[in-house]
Amino acid sequence: MKQISLMNDLDEALTILSKDGEVTYHKDFYSGSESKQLFEELLKGLNWQFDELIMFGKKITTTRKVVWVADSDLSYTYSGVKKNPQEWSAPLLGIKQKLESFCGHQFNSCLLNLYHHGDEGMGWHSDDEKELDQNSPIASLSFGGRRKFSFRHKKDLSKASLFLDDGSLLLMQPPTQTYWQHTLLKTKVAVEPRINLTFRKINHAS
Ligand SMILES: O=C(O)CCC(=O)C(=O)O
Ligand SMILES: [Fe+2]
């Protein structure tokens, strides 16, 4: 199995995948002080809830907490469970604006995940739900503890891994979700809590 590992000590954008999609990593999208402030605002200013998903036909509740934010006219089913969106808060709107001008794309929803410890992660999946606009990138922002993230090609199982730093942006362009899965790995090393935001574009129900 081919393994690509990247050290994230460059300042400019790093290209993560070699084929079947495009992912770039932008280490210092936010400065350390901006990230610290945004982490606190997001932690305190949103209604964090345990996530519910269907696994092996059973509804389970995660220890990780989530918030789903979206324009009020949207609904979204994720991991088999329909989500009810919260409204955009001021800090989130500020982040969305900065992202949109950087990416040249508009987003209408954001899934936030709060990982309290290293023993909370997210298993292999693609963000390829049918509601998502296939032509839109997914922009993943990280605040707090530095965590390892991997991609795995669905056919040849090749991998690409990197660490997602505090204040970093991982930009996943189409058709990345069609060909690759990704995961946030658990770790036994002590890590700070982390908040991840994935900005998405959901199609309006026709
Ligand atoms: O926390 C992360 O970096 C990954 C989150 C993710 O993959 C998702 O929300 O779909
Ligand atoms: Fe994901």
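Residues numbered from 1 in each chain as written. Chains lettered and ligands numbered in written order. Predicted model: local features only at pLDDT ≥ 70, side-chain atom pairs only at ≥ 80, totals over all residues. Heavy atoms only, no water.

Tallied over the entire structure, the rule returns one cavity of 30 Å³ or more. Computed from the structure, the largest cavity encloses a volume of approximately 150 Å³. Considering the residues around the largest cavity, the lining is formed by 17 residues, among which Tyr115, Met122, Phe149, Asn196 and Thr198 are closest to the centre. Of all elements in the fold, only β8 (109-115), β9 (122-125), β14 (180-184) and β15 (194-200) reach the threshold of two or more residues within the lining of the largest cavity. (1 Å grid on protein atoms, 1.4 Å probe; cavity = no way out; pocket = protein on both sides within 12 Å on 5 of 7 lines; lining within 4 Å. Points joined across faces, edges and corners; volume = space filled by probe spheres on them. Helix = DSSP H or I, 4+ residues; strand = E, 2+ residues; numbered from the N terminus.)

The UniProt record marks Asn113, Tyr115, His125, His182, Arg194, Thr198 and Arg200 with the feature "binding site: 2-oxoglutarate" (unreviewed entry), using the residue numbering of this structure. Of the annotated set, the members that line the largest cavity are Asn113, Tyr115, His125, His182, Arg194, Thr198 and Arg200. Structurally, Tyr115 is set in strand β8. When its relative accessible area of 3% is taken as the criterion, Tyr115 is described as buried. (UniProt positions renumbered as here; feature names shortened; annotations may be inferred. Buried < 20%, exposed > 50% of the residue type's maximum accessible area, 1.4 Å probe, protein only.)

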